[in-house]
Amino acid sequence: DQQVKQNSPSLSVQEGRISILNCDYTNSMFDYFLWYKKYPAEGPTFLISISSIKDKNEDGRFTVFLNKSAKHLSLHIVPSQPGDSAVYFCAASALEYGGSQGNLIFGKGTKLSVKP
Amino acid sequence: DGGITQSPKYLFRKEGQNVTLSCEQNLNHDAMYWYRQDPGQGLRLIYYSQIVNDFQKGDIAEGYSVSREKKESFPLTVTSAQKNPTAFYLCASSIGSGMYEQYFGPGTRLTVT
């Protein structure tokens, strides 16, 4: 059973437009959410995070929105640039989750392609 | 420069051999993690360590072993008992467990034939 779901394996967007990547979760105990960006054959790099006490966090071109009632979060990239083309992973954490104390649960990722 | 290093980048082994993947960090982080990534899959947790001389199994620990004798180092051994060892292995660290970002190394691609 997947606790963190990224239902779109891929997304294609024109340069300059908005990219919206979605993530759903099932475990209401999750209280911290992160987005990572990953290029092929490299480790993921941290992009942005949000605590469950907030519904929005913004950092430059990246904004993450959290809808706790819907158990849904999204990452908005505005404007999208060709260098944003990568796989984006959503991850969730719960301080008291199965004794693991905050380990990250990752979605399967969404491959974003930004076309010039 | 602070960061996480994994070596080697690519590793080839024959079936039946144990192999150890290196992970070193100079970020002074307490927690370290090992993940595995397969094509079309997210990252799955193999083992984690919140403090020196202590480690816990993750979701897919069977066929793997770790040690944490030093804060900076968290080597992963892929044993011959691991049925599908060919994968991309990622090491990560964080200041502590809980609501902290994890920072990843560049990964090691292991191919077992």
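Here the structure is shown first, and the text comes after it.
A brief report on the enclosed structure follows. Bear in mind the structure is a predicted one, so any value in this text is a computation, not a measurement.

## Brief notes about the sheet that holds strand β7 (residues 62-67) of chain A
Residue and element names in this part refer to chain A. The strand order across the open sheet built from five strands is β1-β3-β8-β7-β6, with neighbouring strands paired in antiparallel fashion. Two strands bound the open sheet, and with one partner strand each, they are β1 (4-5) and β6 (56-59). Across two bridges, β1 lies against strand β3 (residues 19-25) in antiparallel orientation. Each bridged residue has a counterpart across the sheet, and for Val-4 the counterpart in β3 is Tyr-25.

## Regarding the state of the cysteines
Residues and elements named next belong to chain A. Taken as a whole and judged by the stated rule, the model has two disulfides over all chains. Between Cys-23 and Cys-90 runs a disulfide, and the two sulfur atoms are separated by 2.1 Å. Across the S-S bond linking Cys-23 and Cys-90, the dihedral sits near -75°, which makes this disulfide left-handed. Here Cys-23, found in strand β3, pairs with Cys-90, found in strand β9 (residues 86-93); they are 67 residues apart in sequence, far enough to count as distant. Here Cys-90 falls in the buried class, since its relative accessible area comes to 0%.

## Some words on the environment of Ile46(B)
All names here are of chain B. You can see Ile-46 is positioned in strand β5 (residues 43-51). C-alpha separation for the pair Ile-46 and Gly-16, spaced 30 residues apart in sequence, amounts to 20 Å. Ignoring sequence-local partners within four residues, the contact set of Ile-46 consists of Trp-34, Tyr-35, Arg-36, Lys-57, Gly-58, Ile-60, Ala-61, Tyr-64, Leu-76 and Tyr-89.

Reading guide: rules and limits
- Residues numbered from 1 in each chain as written.
- Chains lettered and ligands numbered in written order.
- Predicted model: local features only at pLDDT ≥ 70, side-chain atom pairs only at ≥ 80, totals over all residues.
- Heavy atoms only, no water.
- Pairing = 2+ DSSP bridges.
- Helix = DSSP H or I, 4+ residues; strand = E, 2+ residues; numbered from the N terminus.
- Disulfide = S-S within 2.5 Å.
- Buried < 20%, exposed > 50% of the residue type's maximum accessible area, 1.4 Å probe, protein only.
- Contact = heavy atoms within 4.5 Å.

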